[in-house]
Amino acid sequence: MLKINKEDALNYHQQNPAGKIEVVPTKPVSTQLDLALAYSPGVAEPCKEIAANPDDVYKYTAKGNLVAVISNGTAVLGLGNIGPAASKPVMEGKGVLFKKFAGIDCFDIEIDATDPDEFIRVVKALEPTFGGINLEDIKAPECFAIETALREQMNIPLMHDDQHGTAIISSAALLSALEVVGKKIDEIQVVVSGAGAAAVSCLRLYLELGMKRENVVVFDKDGVIHPGRTDLAPLQMQFATDRPVTSLAEAMEGADFFLGLSAANVLAPELLLKMANDPIVFALANPDPEIAYELALSTREDIIMATGRSDHPNQVNNVLGFPYIFRGALDVRATEINEAMKLAAVHALTELAKEPVPDMVNKAYGDNTLTFGRTYLIPKPLDPRLITTLSPAVAKAAMESGVARIQITDWTAYEDELRARLGVNQKLMNRITSRARSAPKRVVYPEADNYKILKAAQIAHDEGIALPILLGRRERIEKIARENNLDLEGCQIIDILQEHEAKRDEYADLLFRKRQRKGMTLYEAKRLMRERNYFGAMMLDTGEADAYITGLTKDYGKSILPAFQIIGVEDGVQRAAGMYIVLHRKGPFFFADTTVNIDPTAEQLVDIIGLTARAVRFFDTEPRIAVLSYSNFGSNTGPLPDKMRRATELAKRRFPDLILDGEMQANTALNRHLLQEHYPFSELAEKGANTLIFPGLTSGNIAYKVLQEIGGAEVIGPVLMGMRKPVHILQLGASVRDIVNITAIAVSDAQTYNQPL
């Protein structure tokens, strides 16, 4: 389980700018005309249009893509009633998930009101501002009355996700589980631990799916819910049972399905033995379930198990639902989120789980066995098909049930729009990190006397990404760890000067044999083996490490030299090359060569093109490659455009399957409308380029750094391509996050390195 350090969490939230969200203008505001259009006097025109036709608010403002995440902080995560201000980090986080998974903008609103009527009044007054309302972390039973009243009074989609998110995802998992074991929902006996908002909403949705109320027994902290109870809300009392049971043990006799939304370890293993054949157990308490996953499986071999944990199969995670449900509701301007829309989401999830799993998902989770069955009941959160499956299903249900105010007619175009809203950009590093976690490898860090390296190594170990090997003076490493409260348990420390003389001699002999005909003496080899970069590279070469990361404190050329001398390039490749991933709101772009080759020849550029195409596919993206120059398809002559033109011709012959064109200017490559208007013959005319091959290191290096500093892009890299084994050289002064990202890439590289070009 991932360990969260208090200082890390606080630093994450307080680093400048504080919090997790910001407002970014979507229109230019750089000239006097821009300002006059954005505000006075130009802004009066859309105001007048909206006054005349209120629906034009969707046309002229951001309302149609804006959701409020609203709470009063009375039931926050596992923290309870901590108040509205203390709940704000959670609400900001929910906004981040909306944006990340569905491209929906959010404002979080924390209301200082515990009285339901006051809360309802405040939220109702916000209707003109937002396209939808996500209620969050409001305690039961007040949450039931609040949501019911607001749904009746408001004409925009509204959902209390604590209730309905879990209900929708668990319903999909339940339908899948019942299909796997061959049972019918109207026949199963059900036991529920917990009677809060989520449990009640789950049961209500299960009834919609066909479950029989008389087959359900519910327990809360005070025991079984029976008709004599007077301490519960009407929505909870609708599940009171007349059965003469007083304990969980009695209720579990012959039960087919256990739903836990209560507390850790309330389900003893002996109670599982009382259940019917092929029992279904959803133990959803977080972070620790009602019964531990491993314990449940060791108790019953025939069990089907789901939890709320990401480290087990069948994670019931609300992020599978709410972003896409709101996306579909907003896109048809639904007046509410009704039962038809929730059920549509349930069935869409169930059907998607039966589809073949894309290779990028298999790689992300390191599991090529993902197929519909006991350990795969619902899709994985990183499945890119979720937005194009759930959102259209919800939108269609809204239209068919009469709550949609606009109609979608071209569903293919709508799916394209959904992909464009999100972009692969959002999930690229998520998939790489998940892939790394599936089979962590040994990563050697020669610069381990540096705080950033040690912090990144701790994170990589704690997240299950890598098995760090730290090279440096043991005393120095331990001192830095103590001073900065770092936990390096699980990280191997190697002090090559104090503890490993015999290993240094062994490595020196190997280096001498590699380089003896290139001017190196044994004396020099022994001297070099006292340097951590050489020792680390030899660990990788001999198989005592799986990947090698350096470069934080030295310039690129000095950092890469030991790797070139010891590891070398892979067979069939003339030279290595460097690539940066540029994450921009328009999508991910891949720049090469940005770090290694100063002025490559046309023939060398062909190698670079092949290496880059393979690397882009490694990141689950199909490369569309533009070979860049200051010329468009022969519009200028000269040594540089001639070189790039020649490289394009040679690359097309060597890699006929690639979408590749050039030579062309950078703006031409990235602007498909310009391509379609002036160069419709180009292979890139349909979609434009996502992979840019630069004439040399100078132009590539300048381009990514300009985008990083003033273009609003996040840059990941450099990714070193073409080495015989996984070697990656950091940017001088890279951040901890950069190092963790490169570690995930290095581990994923180590899992599959040396695939053919």
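Residues numbered from 1 in each chain as written. Predicted model: local features only at pLDDT ≥ 70, side-chain atom pairs only at ≥ 80, totals over all residues. Heavy atoms only, no water.

Observations regarding the nonpolar core
Here comes step 1: Residues I133, M211, F257 and F282 are the most contacted members of the largest nonpolar core, which totals 102 residues.
Here comes step 2: Take this core: its biggest share by element is 10 residues, from helix α8 (residues 161–181).
Here comes step 3: Residues within four places of I133 in sequence aside, it is in contact with A68, I70, V123, M154, I156, P157, L158, M159 and F326.
Here comes step 4: Judged by nonpolar contacts, the second largest core, of 66 residues, contains M429, L454, V616 and A744. (Core = buried A, V, L, I, M, F, W, Y, C linked by side-chain atoms within 4.5 Å. Buried < 20%, exposed > 50% of the residue type's maximum accessible area, 1.4 Å probe, protein only. Helix = DSSP H or I, 4+ residues; strand = E, 2+ residues; numbered from the N terminus. Contact = heavy atoms within 4.5 Å.)

Quick word on the packing of helix α24 (residues 532–541) against helix α25 (residues 556–566)
Here comes step 1: Across the interface, α24 lies against α25 with an axial gap of 9 Å and an inter-helix angle of 35°. For α24 against α25, the interelement crossing comes out right-handed. Taken together, the residues of α25 that come into contact with α24 (itself represented by N533, Y534, A537, M538 and D541) are S559, L561, P562, A563, Q565 and I566.
Here comes step 2: Class assignment for the residues of the contact of α24 with α25 results in seven nonpolar, three polar and one charged. (Axes fitted to C-alpha atoms, helices over the stretch in contact; angles between N-to-C directions. Left-handed = near helix turned anticlockwise from the far one by under 90°. Nonpolar A, V, L, I, M, F, W, Y, C, P; charged D, E, K, R; others polar.)

Observations concerning helix α30 (residues 697–710)
Here comes step 1: Taking 1.5 Å per residue, 14 residues should reach 20 Å; α30 reaches 20 Å between its end C-alpha atoms and fits that length.
Here comes step 2: Restricting attention to buried positions, one finds in α30 the residues L697, G700, N701 and Y704. Along the axis of α30, the buried residues cluster in a sector spanning 95°; they form a single face. In α30, the exposed positions that point more than 90 degrees away from the buried face belong to T698, E709 and I710.
Here comes step 3: Structurally, α30 contributes buried residues whose contacts are with β15 (577–584), β16 (587–592) and β20 (714–721).
Here comes step 4: Looking at the residues trailing α30, positive phi occurs at G712, about 70°. (Expected span 1.5 Å × (residues − 1). Arc of directions from axis to C-beta.)

Quick look at the sheet that holds strand β7 (residues 223–224)
Here comes step 1: Spatially, β7-β6-β5-β8-β9-β10 is the arrangement adopted by the six strands of the open sheet, whose pairing is mixed. Because the sheet does not close on itself, it has two edges, and the strands there are β7 and β10 (304–307).
Here comes step 2: Judged from the two bridges that link them, strand β6 (residues 216–220) and β7 form a sheet pairing that is antiparallel. Within β7, the position partnered with D220 by the bridge is G223.
Here comes step 3: The sheet contacts of α8 involve β8 (257–260), β9 (280–283) and β10, and relative to β9 the element is tilted by about 160°.
Here comes step 4: Sitting on the sheet, helix α9 (residues 197–209) is in contact with β5 (190–193), β6 and β8, with an inclination near 145° to β8. (Pairing = 2+ DSSP bridges.)

Some words on a nonpolar patch on the surface
Here comes step 1: A surface patch of nonpolar side chains, about 310 Å² in accessible area, is lined by L77, L79 and I82.
Here comes step 2: Secondary-structure assignment places L77 in the loop between β1 (66–71) and α5 (84–102). (Patch = residues over 30% accessible without salt bridge, like charges linked within 9 Å, V, L, I, M, F, W, Y side chains within 5 Å. Areas by Shrake-Rupley, 256 points an atom, 1.4 Å probe, with all protein chains shown as cover. Salt bridge = Lys/Arg side-chain N within 4 Å of Asp/Glu carboxyl O.)

A closer look at the packing of α8 against helix α15 (residues 339–354)
Here comes step 1: Closest axis-to-axis distance for the α8/α15 pair is 9 Å, and the angle between their directions is 45°. The pairing of α8 with α15 is recorded here as oblique in orientation. In terms of crossing hand, the pair formed by α8 and α15 is right-handed. Contact residues: H164, I168, I169, S171, A172, L175, S176 and E179 in α8; K342, A345, V346, H347, L349, T350 and K354 in α15.
Here comes step 2: Looking at the contact of α8 with α15 residue by residue, the classes come out as seven nonpolar, five polar and three charged. (Parallel < 35°, antiparallel > 145°, perpendicular 65-115°, else oblique.)

Structural notes on the pattern of salt bridges
Here comes step 1: The tally for this structure, following the rule as stated, stands at 49 salt bridges.
Here comes step 2: For R532, the salt bridge identified is with D449, shortest N-O distance 3.0 Å. Placement of R532 in helix α24 and of D449 in the loop between β11 (441–445) and α20 (451–462) is noted, with a sequence separation of 83 residues between them.
Here comes step 3: For D541, the salt bridge is made with K514, and the minimal N-O distance between the two is 3.4 Å.

A word on unusual backbone geometry
Here comes step 1: Going from A592 to D593, the amide bond is cis rather than trans, its omega being -15°.
Here comes step 2: Residue position: D593 is located in the loop between β16 and α26 (602–618).
Here comes step 3: The step from G717 to P718 runs through a cis peptide bond, and the omega angle for that step is 5°.
Here comes step 4: Tracing the chain through its elements places P718 in strand β20.
Here comes step 5: The phi angle at D137 is positive, at roughly 55°, despite the residue not being glycine.
Here comes step 6: Mapping D137 onto the fold places it in the loop between β3 (132–135) and α7 (142–153).
Here comes step 7: A positive phi is found at R333, a non-glycine position, where the angle reads about 50°.

Coordinates in, geometry out; function isn't part of it.
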